[in-house]
Structures are given as C-alpha cells and as structure tokens.
Amino acid sequence: MTWVRALPLEIKALASAGLLLLCMLLTRKYLGTGRLPGTTKPFFRLQLTLFVNLLMLIGSRYIWRNTVTALCRSADAHARSCMLWKTAVCTFLTLAHFSFFTPIFLVAEEPYFISLAAYACLGSYAILIFFLFALSCLQQSYKLVQRKRGSFPSKSSENMVRPLAAIVVTIALSAAGLLNASRPPVVSSVTIPLPRLPPSLNKLKLVLLSDIHLGPTVGRTKMAMVVGMVNALKPDITVIVGDLTDSEVSTLKTAAEPLRELNSELGTYFVTGNHEYYTSDVDNWFKLLESMNIHPLHNENVKITGLRNSQDWLCLAGVDDIEANAFGYIGHGMDLVKALNGCSQDHTIVLLAHQPLAAKWALQTRPDIDLILSGQTTLSTVVEEAQKALRFTQWRLAQWRKVPDGSR
C-alpha cells in the first residue's frame, strides 16, 4: 500500500468521493427511503455531506497552497504574523466545510450565528477559488507572452501578486454579497403576453417564489417577511418553484408556519427543487404543505378556471426536480408526460420546473408549452453564486399578466 500513501491528497480525495458516490447510489437503489425510515434518511444526508466535503478538500488544498504556502515561503514563515494568517485561513476553510453539516445538526426556528458565519465562508470560498484559478490562467498567458519576447518576470513577485489580488477581490465581492443579501427581497414585475390565454383570465396576477432555503440561515422571521410581501401583492396564484427548504420537517415545522398565511384567490402551488431531495424528507414536506393549503404538483397538473367564466381555464403543471432522477429517489423524478396529461394544445399551458435545464428539456419535448417558470437562476454569476451559498438569496417575486393587444 506504499503507492497509495505516495498519491497526492487531491487524488485520494477524488477517489474517496467516487467510492462514496457509488455507495450513495447503491444504498439509495437497494434500501430506498421507505424500508428503514428511521435510519436511512440521516444516513443518506450524511453520505451526501461527506461526498461534498471530500470534493471540497481538493479546493481547500488549492486555496492553502496559494494563500498560505505561497505567502509564507520566506525565512519568517514561523513568525507570529504568518502563524496568525495560517490560523485565519484554517478557520475559514473549516467553517466552509462545516456549512454542509449545519442542515443536519444546527437548524432551529431562527438561524444560529455559527451557521450564518459558515455559509458566509462558503460563499467566499467559491469566489476565492474562481479568482485564484482565473488569475492563474491570466498569469500563465502573460508569462508565455513575456517568454516569447525574451523577458522573464520575477517569480517572487508572481507568487505574491496573484493570491493577494484574489483575496482582495474575494473580500470586496463577499462584502457586497452580504450587504445585498441583508436587504429585503426585491419585487420584479414582469408583463408576459400569452396569446392563447382566455379573455376571462386576462390580467391574471401570479407571484413566483424561488430558492428561499428555509433552514440554517433563513428562519421564521424572514419567512414571515416574505409571506407578508406576497400577500401585499394580492396575487391570483402563488407558485413556489423549489428549494423551499434545506432540512427536515421535524426541525423546520415551526419556522415554516408563516407559509400557512399565504393568501391567493386561485390557489398556492409548489414543485420540488434539488434541495428538497437533499433533505431526504420530500414526502413529509408534501404532507406539511398540503396541511397549509399549498398544493404540491408532483408530476401533475391542475386546471385554473377563470372567475368570470368557468368554461375558460389554463393548465398549470409541475414536474419534480431533475436531480431526483440522478439520486434514484424512489417515486420521484421529472416525468413530463405524466405532468402534462390532459393539457391539450387548445388551452394555455404553464409549467413549473425548478431548474432552467429542465425547462429546456420540456420545450424540446412539448414546444406547445406557453410559459415555463423556473428558479435556480442565481448560478448565473459569481456574485450571485456567493449569495446562493450564503442562503440569503434574493427571492424572486414575479408577476405576470396577459396584455390585451398582445404587445410587450
């Protein structure tokens, strides 16, 4: 086994993550969540957490080499300032890794401070890795150009500038992300023309909620604030398009209680996101939401009938998140055929799907879908990725209605 010891840490972490992923898939397939409900749920969640942390070890090693090893190579490597810096980076990395354990061990009605700190570090972790890698690519490109010109820049200056620049940018963007996340959610009003929408449903108002992530960093207070904002908009329909929660019903039932106050004239509907499946407690969340008069669309649809004319209706359909298929979650997974069963081309079709990728697949299969409402759009930029990791996502509250003349 000498050759195993000689392998780099990155290779060991990657191999261990691969074995753990295989174990996850096998246990999900052969045990499922229903056969040993008291033990399999925590087991699955712990497996997933360990899998992510093993992959993060590769990133953590990369960060350590670039921010500690590169900056503490001098003879004063054991000086007090260097030791303090090592302690700070070690604490930062530890909190980033610990963030994935908080949905299991640190969830209550209101967030714990250590959970907020851990997710703040996770957001900064993602930004730091990105800019260390991006600046490294720029640096290598610059070196190639300089070598062609016969110039060789100082290696000592190279080793200092890149990590320092990445750290400064990370601090700035993290501060901006925290500031933005601490503000109330922003209401975005969008007008969408739907030519096939019946006249009696004209000016239908729909409020879209996405990626609330009730759990380690979002508690009852923030949930109540969002519900109050939604009710103030006086929607006809409210839809929650996934990632509502990051933990189990048993730990978040009290924090989720404000959802009971959602008031929409034509109903409130929900579809799963990937994080609902990370909790391994989707079915219990379905039961809780149904008790709150929030209707899960589990690969199914409902007819939304106009108030003025009961003969006019649109088909509101919802699909499970695509990651349910990847994890082999029994009884769940995107099934577009089942979800659109009974939705004909003669009526307006509105589909709820958490991930934009699922929306793309849906349109390729059923181009007659009039409108698809999705979440998880916060991965589009680095800054928004930090906000996503912080679980302080600016929840999207969108309104749509038909324009009579069909113009935008």
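Residues numbered from 1 in each chain as written. Predicted model: local features only at pLDDT ≥ 70, side-chain atom pairs only at ≥ 80, totals over all residues. Heavy atoms only, no water.

Asker: Just to check I follow, could you spell out the overall build of the protein for this structure?
Answerer: Each helix and strand in the protein was counted, giving 15 helices and 10 strands. When the 408 residues of the protein are sorted by exposure, 50% land in the buried category. Counting only carbon and sulfur atoms, one obtains 62% of the accessible surface of the protein, whose full area is about 19,600 Å². (Helix = DSSP H or I, 4+ residues; strand = E, 2+ residues; numbered from the N terminus. Buried < 20%, exposed > 50% of the residue type's maximum accessible area, 1.4 Å probe, protein only. Areas by Shrake-Rupley, 256 points an atom, 1.4 Å probe, with all protein chains shown as cover.)

Asker: Just to check I follow, could you spell out the packing of helix 4 (residues 80-98) against helix 6 (residues 113-148) for this structure?
Answerer: Think of two packed helices as two axes; the pair is described by the angle between the axes and how far apart they sit. One way to put it is that helix 4 packs onto helix 6 with a least axis distance of 7 Å and a crossing angle of 105 degrees. One way to sum up the angle between helix 4 and helix 6 is to call them roughly perpendicular. Counting all contacts with helix 4, which are made through Phe92, Leu93, Leu95, Ala96 and Phe98, the residues of helix 6 involved are Ile114, Ala118, Cys121, Leu122, Ser124, Tyr125 and Leu128. Within the contact of helix 4 with helix 6, the residues separate by chemical class into 11 nonpolar, one polar and no charged. (Axes fitted to C-alpha atoms, helices over the stretch in contact; angles between N-to-C directions. Parallel < 35°, antiparallel > 145°, perpendicular 65-115°, else oblique. Contact = heavy atoms within 4.5 Å. Nonpolar A, V, L, I, M, F, W, Y, C, P; charged D, E, K, R; others polar.)

Asker: Explanation requested: the state of the cysteines in the structure shown.
Answerer: Such a bond, covalent and formed between the sulfur atoms of two cysteines, is termed a disulfide. A complete count under the given rule lists one disulfide for this structure. A sulfur-sulfur distance of 1.7 Å marks the disulfide that ties Cys315 to Cys343. Note that Cys315 is positioned in strand 7 (residues 313-318) and Cys343 in the loop between helix 13 (336-339) and strand 8 (349-352), a separation of 28 residues in sequence. As far as burial versus exposure is concerned, Cys315 and Cys343 are alike and both buried. (Disulfide = S-S within 2.5 Å.)

Asker: How should I be thinking about the sheet that holds strand 6 (residues 300-305) in this particular structure?
Answerer: Sheet strands pair by backbone hydrogen bonding; their relative direction is either parallel or antiparallel. Spatially, 6-7-8-9 is the arrangement adopted by the four strands of the open sheet, whose pairing is mixed. Strands at the two margins of the open sheet, each flanked by one partner only, are strand 6 and strand 9 (371-373). On average, each strand axis in the sheet is inclined to that of its neighbour by 20 degrees, with strand direction left out of account. Relative to strand 8, strand 7 runs parallel, the two being bridged by four bridges. If you follow Gly318 over to strand 8, its bridge partner there is Leu352. (Pairing = 2+ DSSP bridges.)

Asker: Explain the confidence of the model for the protein to me, please; I cannot follow it from the model alone.
Answerer: Should the pLDDT be low somewhere, the predicted coordinates at that spot are not to be read in detail. Mean pLDDT over the protein stands at 79; residues scoring 70 or higher make up 77%. Across the protein, element-level confidence peaks in strand 5 (residues 294-296) with a mean pLDDT of 95 and bottoms out in helix 15 (residues 382-390) with 37. Scored below 50 in pLDDT, residues 33-39 makes six contacts in the model with residues more than four places away or belonging to other chains. (pLDDT = per-residue confidence, 0-100.)

Asker: I'm lost on the pairing of strand 7 in this one. Help?
Answerer: Within a regular strand, side chains alternate between the sheet's two faces. Buried residues dominate strand 7, accounting for six of its six residues. Burial of strand 7 is two-sided: the residues Trp313, Cys315 and Ala317 facing one way and the residues Leu314, Leu316 and Gly318 facing the other way are all buried. Relative to strand 7, strand 6 runs antiparallel, the two being bridged by six bridges. In the sheet register, Ile304 faces strand 7, and the bridge partner there is Leu314.

Asker: I would appreciate a short explanation of helix 11 (residues 282-291) in the present structure.
Answerer: Two residues of an α-helix separated by three or four positions point the same way, owing to the 3.6 residues in each turn. Along helix 11, the residues that are buried comprise Val282, Trp285, Phe286, Leu288 and Leu289. Buried residues in helix 11 make contact with helix 9 (249-252), strand 4 (268-271), helix 10 (274-278) and strand 5. Directly after helix 11, the chain includes Asn293, whose backbone phi takes a positive value near 65 degrees.

Asker: What is the right way to look at the side chain of Glu323 in this model?
Answerer: If you trace the backbone, Glu323 turns up in helix 12 (residues 323-326). Of note is the side chain of Glu323, whose polar atom sits 2.7 Å from the side chain of Tyr278. Glu323 has contacts with Asn274, Tyr278 and Gln355, leaving out every residue within four places of it along the chain. (Polar contact = N/O pair within 3.5 Å; in protein donor to acceptor, adjacent residues only side chain to side chain.)

Asker: I tried to follow unusual backbone geometry on my own but got confused; where do I start?
Answerer: Leave glycine aside and you will find that most residues have negative phi; peptide bonds, for their part, are mostly trans. Positive phi, normally seen in glycine, also occurs at Lys203, with a value near 65 degrees. Residues other than glycine seldom take positive phi values, yet Asp211 does so here, at roughly 55 degrees. If you trace the backbone, Asp211 turns up in the loop between strand 2 (206-209) and helix 8 (220-232). The class of Asp211 is buried, set by a relative accessible area of 3%.

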